[in-house]
Amino acid sequence: MSAPDLTVPIRTALLGDANIISGLPAYLNSYPIFTRRPVPVDAPFPCIVISQDITLNEEDGIGDYRSEIQRDIAVYHTNELPANGAVIEAIAQAVRRTFHRRRNSLTVSGWSVVRIQASVPIDASSDSDQRVGAVVQLVVLLAARVA
């Protein structure tokens, strides 16, 4: 059994949280929540970027199979105004509240969510002085029954 792809469940959870999307501009009939890099050049700010799996630990149990997956959820904004730092902090805190210790925040077909931990937002260093960012590290432990 292979680990599930959390991309769609994470994006769906983010889109479903009014505290997150209220801080984002409209973009192509949705919101700028991206699941790969590079983001489109016409993407507005602030925006959210969900990383691919950073770590994947797989364990076999007696009655189940478990996968522990780490993803980063980054929030970026332009560095034009001092207030933009507060905007990304507020969105990143909302991301943390969406997931931290809230097992029902994700629905993953064929799997049960055992645990979700979300870090406090940390600075997302950028190669450009034009952008500011914050990252929430998400660790999700999933279990699937073995027949």
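Up top is the structure.
One structure accompanies this document, and this report is about it.

### Looking at helix 3 (residues 83-99)
Consideration 1: For helix 3, built from 17 residues, the straight-helix expectation of 24 Å at 1.5 Å per residue is met to within 8% by its first-to-last C-alpha distance of 25 Å.
Consideration 2: Among the residues of helix 3, those classed as buried are Asn84, Ile88, Ile91, Ala92, Ala94, Val95, Thr98 and Phe99. With its buried residues spanning 155° around the axis, helix 3 presents them on a single face. Turned more than 90 degrees off the buried face of helix 3, the exposed positions are Ala86 and Arg97.
Consideration 3: Elements in contact with the buried residues of helix 3: helix 1 (7-15), helix 2 (18-21), strand 2 (47-50), strand 4 (64-78), strand 5 (112-118) and strand 7 (131-145).
Consideration 4: Following helix 3 by one or two positions, Arg101 has its phi on the positive side, about 60°.

### A closer look at unusual backbone geometry
Consideration 1: The amide bond that connects Arg37 to the next residue, Pro38, takes the cis arrangement and shows omega of -5°.
Consideration 2: With respect to the helices, strands and loops of the structure, Pro38 is situated in the loop between strand 1 (33-34) and strand 2.
Consideration 3: Cis rather than trans, the peptide bond between Phe45 and Pro46 has omega equal to 0°.
Consideration 4: Summarising the element assignment, Pro46 is placed in the loop between strand 1 and strand 2.
Consideration 5: Of note, Asn29 is a non-glycine position whose phi angle comes to about 60°, a positive value.
Consideration 6: Here Asn29 shows up in the loop between helix 2 and strand 1.

### Remarks on the pattern of salt bridges
Consideration 1: Taken as a whole and judged by the stated rule, the model has four salt bridges.
Consideration 2: Here Arg71 makes a salt bridge to Asp53, at a shortest N to O gap of 2.6 Å. Here Asp53 lies in the loop between strand 2 and strand 3 (55-60) and Arg71 lies in strand 4, a separation of 18 residues in the sequence.
Consideration 3: For Asp53, a relative accessible area of 35% corresponds to the partly exposed category.
Consideration 4: Residue Arg66 pairs with Asp64 through a salt bridge whose shortest N-O separation is 3.0 Å.
Consideration 5: A relative accessible area of 29% means that Arg66 is categorised as partly exposed.
Consideration 6: Bridged by salt links that share partners, the residues Asp5, Asp53 and Arg71 form one connected network.

Basis of the calculations
- Residues numbered from 1 in each chain as written.
- Predicted model: local features only at pLDDT ≥ 70, side-chain atom pairs only at ≥ 80, totals over all residues.
- Heavy atoms only, no water.
- Helix = DSSP H or I, 4+ residues; strand = E, 2+ residues; numbered from the N terminus.
- Expected span 1.5 Å × (residues − 1).
- Buried < 20%, exposed > 50% of the residue type's maximum accessible area, 1.4 Å probe, protein only.
- Arc of directions from axis to C-beta.
- Contact = heavy atoms within 4.5 Å.
- Salt bridge = Lys/Arg side-chain N within 4 Å of Asp/Glu carboxyl O.

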